[in-house]
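# A look at the structure
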Amino acid sequence: MASVTYDHVYKRFGDVTAVNDLNIQIADKEFLVFVGPSGCGKTTSLRLLAGLEEISDGQILIGDRVVNDVPPKDRDIAMVFQSYALYPHMTVYDNMAFGLKLRKTPKDEIAQRVREAAEILDIDHLLDRKPKQLSGGQRQRVAVGRAIVREPAVFLFDEPLSNLDAKLRVQTRAQLTKLHQRLQTTFIYVTHDQVEAMTMATRIAVMKDGILQQIDTPQNLYDKPSNVFVGGFIGSPSMNFFDATLVESDGKLEVNAGGFRLEVPGEKASAWAPYKGKEVIFGIRPEDVHSKQFTPPGILESDMTAKVDVTELMGNEIFLYLLTGDDKQFIGRVDPRVKVDSGDQIELAVNMGNAHIFDPKTEVALGE
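Now for a quick tour of the structure. Predicted, not measured: the structure shown is a model, and the values here were computed from it. (Residues numbered from 1 in each chain as written. Predicted model: local features only at pLDDT ≥ 70, side-chain atom pairs only at ≥ 80, totals over all residues. Heavy atoms only, no water.)

### As for the overall build of the protein chain
Helices and strands together make up the secondary structure of the protein chain, namely 9 helices and 21 strands. Seen along its three principal axes, the alpha-carbon backbone of the protein chain occupies a region of about 80 × 45 × 35 Å. Per-residue burial over the protein chain gives 50% buried out of 368 residues. Sequence separation of 24 or more characterises 66% of the internal contacts of the protein chain that already satisfy a separation of 6 or more. Total accessible area on the protein chain stands at roughly 17,300 Å², and carbon and sulfur atoms take up 46% of it. Computed over 42 positive and 52 negative side-chain charges, the separation of the two mean positions in the protein chain equals 8 Å. (Helix = DSSP H or I, 4+ residues; strand = E, 2+ residues; numbered from the N terminus. Buried < 20%, exposed > 50% of the residue type's maximum accessible area, 1.4 Å probe, protein only. Contact = heavy atoms within 4.5 Å. Areas by Shrake-Rupley, 256 points an atom, 1.4 Å probe, with all protein chains shown as cover. Lys, Arg positive; Asp, Glu negative; His and termini not counted. Charge placed at Lys NZ, Arg CZ, Asp CG, Glu CD.)

### Observations concerning the sheet that holds strand S16 (residues 301–313)
Taking strand neighbours across the sheet as the criterion, the 5 strands line up as S15-S19-S16-S17-S18 in an open arrangement whose pairing is antiparallel. Edge positions in the sheet fall to strand S15 (289–291) and strand S18 (329–334), since each has one partner strand and no second. Taken over all neighbouring pairs, the strand axes of this sheet differ in orientation by 50° on average, direction set aside. Alignment of S15 against strand S19 (residues 345–351), held across 3 bridges, turns out to be antiparallel. Bridged to His 290 within S19 is Ala 349. (Pairing = 2+ DSSP bridges. Axes fitted to C-alpha atoms, helices over the stretch in contact; angles between N-to-C directions.)

### Considerations on the packing of aromatic side chains
Within the structure shown, the criterion is met by 13 aromatic pairs. Measuring from ring centre to ring centre gives 5.1 Å for Phe 155 and Phe 187, while their planes differ by 50°; the resulting arrangement is tilted. In this pair, Phe 155 is assigned in strand S7 (residues 154–158) and Phe 187 in strand S8 (residues 186–191), connecting sequence segments 32 residues apart. Residues Phe 155 and Phe 187 agree in their burial class; the two are buried. Aromatic rings pair up to connect Phe 31, Phe 155, Phe 157, Phe 187 and Tyr 189 into one cluster. It is Lys 11 that lies over the ring of Phe 13; its NZ or CZ is 4.9 Å from the centre. Here the guanidinium or amino end of Arg 285 rests over the ring plane of Tyr 222, the centre of that ring lying 4.2 Å away. (Phe/Tyr/Trp six-rings, centres within 6.5 Å; stacked < 30°, edge-to-face > 60°. Lys NZ or Arg CZ within 6 Å of the ring centre and 35° of its normal.)

### Describing helix H4 (residues 136–148)
Given a rise of 1.5 Å per residue, 13 residues ought to cover 18 Å, and the 19 Å separating the end C-alpha atoms of H4 matches this to within 8%. For H4, the buried fraction is high: 11 of the 13 residues fall into the buried class. Burial in H4 covers these residues: Gly 137, Gln 138, Gln 140, Arg 141, Val 142, Ala 143, Val 144, Gly 145, Arg 146, Ala 147 and Ile 148. Where H4 is buried, its residues touch strand S6 (77–80), helix H2 (92–102), helix H3 (107–120), S7 and helix H5 (166–183). (Expected span 1.5 Å × (residues − 1).)

### Some remarks on a negative patch on the surface
Residues Glu 116, Glu 119, Asp 122 and Asp 124 make up a contiguous surface patch of negative charge. Mapped onto the fold, Glu 119 is located in helix H3. (Patch = residues over 30% accessible without salt bridge, like charges linked within 9 Å, V, L, I, M, F, W, Y side chains within 5 Å. Salt bridge = Lys/Arg side-chain N within 4 Å of Asp/Glu carboxyl O.)

### Focus on the pairing of strand S9 (residues 203–208)
Alignment of strand S3 (residues 31–35) against S9, held across 4 bridges, turns out to be parallel. Looking at S9, one finds that Val 33 is bridged to Ile 204. For S9 and strand S10 (residues 211–216), the ladder comprises 5 bridges, and the chain directions are antiparallel. Bridging from a neighbouring strand, Ala 205 pairs with Ile 215 of S10. Between S9 and S10, which follow one another and run antiparallel, lie 2 residues, and Asp 209 among them has a positive phi close to 55°.

### Quick word on the pairing of strand S4 (residues 57–62)
Alignment of strand S1 (residues 4–13) against S4, held across 5 bridges, turns out to be antiparallel. Counted as the bridge partner of Asp 7 is Gln 59 from S4. Two strands pair when backbone bridges link them, and S4 and strand S5 (residues 65–66) are joined in this way by 2 bridges, in the antiparallel orientation. Considered in S5, the bridge of Ile 62 is made with Arg 65.

### Brief notes about the nonpolar core
If you look at the biggest cluster of nonpolar residues, it comprises 46 residues, and the most contacted ones within it are Met 96, Val 114, Val 144, Phe 157, Leu 176, Tyr 189 and Val 206. Leave out the neighbours within four places in its chain, and Val 144 touches Val 80, Leu 121, Phe 157, Leu 176 and Leu 179. (Core = buried A, V, L, I, M, F, W, Y, C linked by side-chain atoms within 4.5 Å.)

### Some words on the packing of H4 against H5
Interhelical geometry of H4 versus H5 gives an angle of 15° and a closest axis separation of 11 Å. Here H5 runs roughly parallel to H4, going by the angle between their axes. Between H4 and H5 lies a crossing of right-handed hand. Facing H4, whose interface residues are Gly 137, Arg 141, Val 144 and Ile 148, H5 presents Leu 168, Gln 175, Leu 176, Leu 179 and Leu 183. By residue class, the composition of the contact of H4 with H5 is 6 nonpolar, 2 polar and 1 charged. (Parallel < 35°, antiparallel > 145°, perpendicular 65-115°, else oblique. Left-handed = near helix turned anticlockwise from the far one by under 90°. Nonpolar A, V, L, I, M, F, W, Y, C, P; charged D, E, K, R; others polar.)

### Observations regarding H3
The terminal C-alpha atoms of H3, which comprises 14 residues, lie 20 Å apart, in line with the 20 Å expected from a rise of 1.5 Å per residue. What H3 keeps buried is the set Ile 110, Arg 113, Val 114, Ala 117 and Ala 118. Buried residues of H3, seen end-on, are gathered within an arc of 130° and therefore sit on one face of the element. Exposed residues pointing more than 90 degrees away from the buried face of H3 are listed as Asp 108 and Glu 119. Of the surrounding secondary structure, the elements contacted by the buried residues of H3 are H2 and H4. Positive phi shows up at Asp 122, right after H3, with a value of about 60°. (Arc of directions from axis to C-beta.)

Coordinates in, geometry out; function isn't part of it.
Below, the structure is given as structure tokens:
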């Protein structure tokens, strides 16, 4: 078992800085997920830890040992790739045992480790099959099993679920979470899918353009994004953003977004008061935009009217693509009992208790 530390780590490819001054301390037994769009540096960060890329500057430690110059095979890590990387001519058993055979592990111990890993992953009935006889989900479990038998200090996962269909991804997410709880080992996982990150991680590291934007628990990232990028990336559908001004009207603070005005409630008004009269970016999540007809209890609501542009019926909810008075589009997630059609006007209740404002120049969160 081991902690992992990125200490002022840089990775440059010529003039391009893929990882820029990365500082993270990952605790022993933690499940940390790197998340961000393609090209943000998350996979490069993982490959630096694995030893598959050389560090340009800084240090990476596994436990108390600096591993910058340690060969990948001696870093006590195991990596699961997006492509599975199974040997097609070998059986499942031989694929899982291959790394142990290279290390001259005794046959009895190999057999024991492979059987235990296969039972954990529910693939013990597949040990005599070849990879071509397996489904995508089964191949993925074999790749994970090959890592488990190594009994490494750190598991690395590079977008391991991206080749699976939607239903299988959900099932495998749950299996990986159970596996982490069972093995009690450090897991470091890379994905571009923020739903995967939110459901599995103990902490999430959000990256953009090689720079760490924010690292926190999934709930804190959702509730208190540090900037516009994090607010828009975490959550599905994405947070709605509006250019607005904070104004005072009849002694009350309001958000004036041009096409609508929303009153800011007590605690928020106190926190946002220093920005009165200033331009801000106003952010509200779709799940905090409700139909006035079916408003949940206990929210700090402010009312507005919008025009329905498009409706998406999801069964347990409706996604409404809405237009403000000045034709800016935003999304609301409303009760499925709401009966509206395209072109209708709808009364909305916005939960201002969960609203956010950001600096329009730096895009950093204000008044949190």
